Amino acid sequence: MNWLERLLFPPSCQLCGVPTTNDTLCAHCASDIHVIDTACPLCALPNDDGSVCASCSQQPPYWQSAHSCFVYDGNLAELIRHWKYRKQRVAQALLCNAMTAWLVETQFITTATAIVPVPLHRNKLRQRGFNTSYHLAQAASKALNLPVITQALTRKQHTQSQAGLSKIERHRNLLGAFDLNIAALKQHEHVLLIDDVYTTGATAQICTQLFQDKQVNVHLLTLARALPPNEVAQSLAITATKP
Ligand SMILES: [Zn+2]
Ligand SMILES: [Zn+2]
């Protein structure tokens, strides 16, 4: 932004528009964003002691661990929508920087030696112009000093939107939608799979299955974790803290 742009468009909160010192969020809007400090190590569902949740105890996911930086609700969800659907680059920078900060702050470490973003089908990529997971992977790469590999995991067919589908319907929709080229992984045996939002985990499970079939371990990292409807009220009250 040059001096003229700054004069004409002074910095303001990305969500409510009140004047700020830089193009981020005002204190009021930032206070609505919930950082995940402690969570189930297998599905990233926030809790107060970091224990494995009942659902993961009964049916553990395929991946080795799952982490998520923020609860997917309120202003964080709004920012993701600004990025994904309104293509706001300021929201992109804000969210990628937030992921980097979270990784540094939590001293995030896994056995992963490479980062793989969940891919978009090329038609969707052309339509949207960018893949949020790819940008988050770049942010994580900066924080963790790990390479990003985009050629290994690809999306084969254009799946219909996952919005509004049941868990079983999502799984069926995703089966066969991904392809893994193991040679492109260059012998990395532990990868950090990155996606923007963890909703039911169905997308990540499918991808993890493909990696596991080739004896590659997966750690999952998402920017935001949606809470199951019945957990929303209690989890937020108990565990998620404000920055
Ligand atoms: Zn604001
Ligand atoms: Zn869990």
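What counts and what doesn't
- Here the residue index of a chain counts from 1 through its sequence in written order.
- For naming, the first written chain is A and the first written ligand is 1, with later ones following in the order written.
- Predicted model: local features are reported for residues with pLDDT of at least 70 only, side-chain atom pairs are reported and counted for 80 or more only, and whole-chain, interface and lining totals are derived from all residues.
- For helices the rule is a DSSP run of H or I covering at least 4 residues; for strands it is a run of E covering at least 2, with both sets numbered from the N terminus onward.
- Restricting the calculation to C-alpha atoms gives the radius of gyration, and the globule rule supplies 2.2 Å times the number of residues raised to the power 0.38.
- Residue burial is a threshold on neighbouring C-beta atoms within 10 Å of the residue's own C-beta, all placed from the backbone, with 20 or more meaning buried, 12 or fewer meaning exposed, and counts in between meaning partly exposed.
- By definition, a nonpolar core groups buried Ala, Val, Leu, Ile, Met, Phe, Trp, Tyr and Cys residues that are joined through C-beta atoms within 7 Å.
- Two residues qualify as a contact pair if the distance between their C-beta atoms, derived from the backbone, is within 7 Å.
- The pairing criterion is simple: DSSP has to find at least two bridges between the two strands.
- The predictor rates its confidence in each residue with pLDDT, a number between 0 and 100.

1. Focus on the overall build of the protein
Counting its regular elements, the protein contains 10 helices and six strands. At 18 Å, the protein has a C-alpha radius of gyration in line with the 18 Å of a compact globule built from 243 residues. Expressed along its principal axes, the backbone C-alpha trace of the protein runs to roughly 55 × 40 × 35 Å. Split into buried and exposed, the 243 residues of the protein put 32% on the buried side.

2. Notes on the nonpolar core
Ranked by size, the top nonpolar core spans 49 residues in total, and within it Leu95, Met99, Ala140, Val191, Leu193 and Ile194 carry the most contacts. The set of elements that each furnish at least two residues to this core consists of strand S1 (65-71), helix H4 (74-84), helix H5 (89-105), strand S2 (114-117), helix H7 (132-144), strand S5 (190-198), helix H9 (202-213) and strand S6 (217-225). Element by element, the count of residues in this core is highest for H5, at six residues. If sequence neighbours within four positions are ignored, Val191 has contacts with Ala112, Ala114, Ile115, Val116, Phe211, Val216 and Val218.

3. Structural notes on the pairing of S2
Residue alternation in S2 divides its side chains into two sets, Ala114 and Val116 and Ile115 and Pro117, and both sets are buried. In this sheet, S5 lies alongside S2 in parallel orientation, the contact comprising four bridges. Directly across from Val116, in S5, lies its bridge partner Leu193.

4. Digging into unusual backbone geometry
Phi at Lys87 is positive, roughly 55°, even though this residue is not glycine. A positive phi angle, close to 50°, is found at Lys186, a residue other than glycine. Accessibility expressed as a C-beta count within 10 Å gives 12 for Lys186, which makes it exposed.

5. Examining the pairing of S1
Taken across its seven residues, S1 has six buried, putting it largely inside the fold. Pairing analysis gives six bridges linking S1 to S6, with the strands arranged parallel. Bridge pairing links His67 to Leu221 in S6.

6. What to know about the confidence of the model for the protein
Regions with low pLDDT carry predicted coordinates that are not meant to be interpreted in detail. The share of residues in the protein with pLDDT of 70 or more is 91%, and the mean pLDDT across the chain is 88. In this model residues 239-243 is a low-confidence stretch, pLDDT under 50, and it forms 17 contacts with partners more than four residues away in sequence or in other chains.

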